[in-house]
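Residues per chain are reported as follows:
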Amino acid sequence: MSEDPTSLERDQVWSARSEGSVRAGVMPAVSRALLAASVASVAAMAPALGVAGEGLTLSDAWVPAAPEVGRDIPLLITIKNDTSAPEALMRVRCPIANFSERHTVDRGEGAPAMRSIPNIPIAAGSTLVLLPIAYHVMLLQTREPLEPGQRFTCTIVFQKAGSIETEVEVRKSP
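In this text, all values refer to a predicted model and were calculated from it rather than measured experimentally.

### Details of the overall build of the chain
- Each helix and strand in the chain was counted, giving 2 helices and 10 strands.
- Expressed as a percentage of contacts within the chain between residues at least 6 apart in sequence, the contacts between residues at least 24 apart total 66%.
- If you sum the accessible surface of the chain, you get close to 11,000 Å²; carbon and sulfur atoms cover 57% of it.

This is how it looks when you write it as structure tokens:
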């Protein structure tokens, strides 16, 4: 049985690409040793890298009830930074909203107004309470009605600590 030469050439190229410099699927002993040493060194470094959220405590996360779909609602949360370095809240992802924005309230001339900002700073060794009249996160275009007592999980992304998941409670507006 004769093989099609173009098929054979294509198969050889595919085989060479998938094997890299390793022939016939056998990894040389030197490569295995280097791979094992690399894995061991990364595993040893893991505790030094820290855990996402180390030094940050998130508590009392809640949103006001919103019976209509498509509403914009504030995410209110307390963030405690126990580290000696400043931190910044960069982004929030929640399954109940299409988008989120970080805001501050600008009290310049005239009535106070919300202004979108790139991040929310959190000073070292401080506690920041996100409030509608100060720094806060707006969850934009809710995807479902939100009734008091309902709970969902949001991912809060910080500049240094990385992503931290937190449970958010829907409460009746005060």
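### What to know about unusual backbone geometry
- For Asp60, which is not glycine, the phi torsion reads 50 degrees and is therefore positive.
- Mapping Asp60 onto the fold places it in strand S1 (residues 56-64).
- Residue Asp60 is classed as partly exposed on the basis of its relative accessible area, which comes to 45%.
- Located in the positive-phi region is Gln141, a residue other than glycine, with phi close to 60 degrees.
- Inspection of the secondary structure puts Gln141 in strand S8 (residues 136-142).

### Looking at the state of the cysteines
- Counted under the stated rule, the structure contains 1 disulfide.
- In this model Cys94 forms its disulfide with Cys154; the gap between the sulfur atoms is 1.8 Å. Between Cys94 and Cys154 the disulfide shows an S-S torsion of about 120 degrees. By sign, it is right-handed. Of this pair, Cys94 sits in the loop between strand S3 (87-93) and strand S4 (97-106) while Cys154 sits in strand S9 (residues 151-158), and the two are 60 residues apart along the sequence.

### Here's the deal with the nonpolar core
- If you look at the biggest cluster of nonpolar residues, it comprises 31 residues, and the most contacted ones within it are Val63, Ile79, Leu89, Val92, Leu139 and Phe158.
- Elements supplying a minimum of two residues to this core: S1, strand S2 (73-81), S3, strand S6 (120-122), S8, S9 and strand S10 (162-171).
- Every residue in contact with Leu89, bar those within four places of it in the chain, is listed here: Ile79, Arg102, Asn119, Ile120, Ile122, Leu130, Val137, Ile156, Val157 and Phe158.

### A word on the pairing of S1
- Relative to S2, S1 runs antiparallel, the two sharing 5 bridges. Within the sheet, the bridge partner assigned to Trp62 lies in S2 and is Leu76.
- The pairing of S1 with S10 spans 3 bridges and is parallel. Note on S10: the bridge partner recorded for Pro64 is Arg171.

Basis of the calculations
Residues numbered from 1 in each chain as written. Predicted model: local features only at pLDDT ≥ 70, side-chain atom pairs only at ≥ 80, totals over all residues. Heavy atoms only, no water. Helix = DSSP H or I, 4+ residues; strand = E, 2+ residues; numbered from the N terminus. Contact = heavy atoms within 4.5 Å. Areas by Shrake-Rupley, 256 points an atom, 1.4 Å probe, with all protein chains shown as cover. Buried < 20%, exposed > 50% of the residue type's maximum accessible area, 1.4 Å probe, protein only. Disulfide = S-S within 2.5 Å. Core = buried A, V, L, I, M, F, W, Y, C linked by side-chain atoms within 4.5 Å. Pairing = 2+ DSSP bridges.

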